[in-house]
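Residue strings, one per chain:
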Amino acid sequence: MSTEVLKTYKDIDRSILKGIPNPTDQAYEIKIKIPEFTFLGVKEQPDFAVIYLTFYPGKKVIELKSLKQYIFQLRNIVASYERLINIIYDDLQAAYEPTRMRLVMICNPRGGISSKLTIDSDWKIRGGNESFNDWKLIEDEWEVTM
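Predicted model, so just to flag it, every value in this text is computed and none were measured. (Residues numbered from 1 in each chain as written. Predicted model: local features only at pLDDT ≥ 70, side-chain atom pairs only at ≥ 80, totals over all residues. Heavy atoms only, no water.)

> Is there a simple way to think about the overall build of the chain in this case?
Each helix and strand in the chain was counted, giving 2 helices and 8 strands. Going from N to C terminus, the chain has its helices and strands arranged as β-β-β-β-β-α-β-α-β-β. By residue count, 39% of the 146 residues in the chain fall in the buried class. Taking the intrachain contacts of the chain between residues at least 6 apart in sequence as the baseline, contacts between residues at least 24 apart amount to 67%. About 9,300 Å² of surface is accessible on the chain, with carbon and sulfur atoms providing 52% of the total. (Helix = DSSP H or I, 4+ residues; strand = E, 2+ residues; numbered from the N terminus. Buried < 20%, exposed > 50% of the residue type's maximum accessible area, 1.4 Å probe, protein only. Contact = heavy atoms within 4.5 Å. Areas by Shrake-Rupley, 256 points an atom, 1.4 Å probe, with all protein chains shown as cover.)

> Explain the packing of aromatic side chains here, please?
The relation between two aromatic rings is expressed through the spacing of the ring centres and the mutual angle of the planes. Under the definition given, this model contains 3 aromatic pairs. A centroid spacing of 5.2 Å and a plane angle of 55 degrees characterise the contact between Y56 and F132, whose relative ring orientation is tilted. Here Y56, found in strand β4 (residues 46–56), pairs with F132, found in the segment after β8 (113–120); they are 76 residues apart in sequence, far enough to count as distant. Accessibility expressed as a relative area gives 15% for Y56, which makes it buried. F132 sits in the partly exposed class, given a relative accessible area of 33%. Looking at R126, its charged tip hangs above the ring of Y89, at a distance of 4.9 Å from the centre. (Phe/Tyr/Trp six-rings, centres within 6.5 Å; stacked < 30°, edge-to-face > 60°. Lys NZ or Arg CZ within 6 Å of the ring centre and 35° of its normal.)

Here's what the structure looks like:
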């Protein structure tokens, strides 16, 4: 019998995220793929996903080692993926204050159903100005490996 205490989204430590100074004030895009994202779903069973992060830096860029450590801690967190994508988004926004950020999480099938969740800081509902508008042209298709 395990005596391990379950951790919830309230136990996530955002202070792990570190930034480094952006070496330029010119616009550019950083794309990060996290192909082996794991966490515990609400039934305390492992869930698997791929995370795609599109990042337009402001004054800071992501220190990748700290992002890896932040993501690694989520392996033992019990949360729904709907809650988790919002927490990750909020934590990355707070830590890095990007000009724009798009976060996509494609969850592996569970019970024959897969899910794709997306948050874009450019959306008005997220406080953006819809100044990029490229998200309106993105095809809503994704591949799922069974």
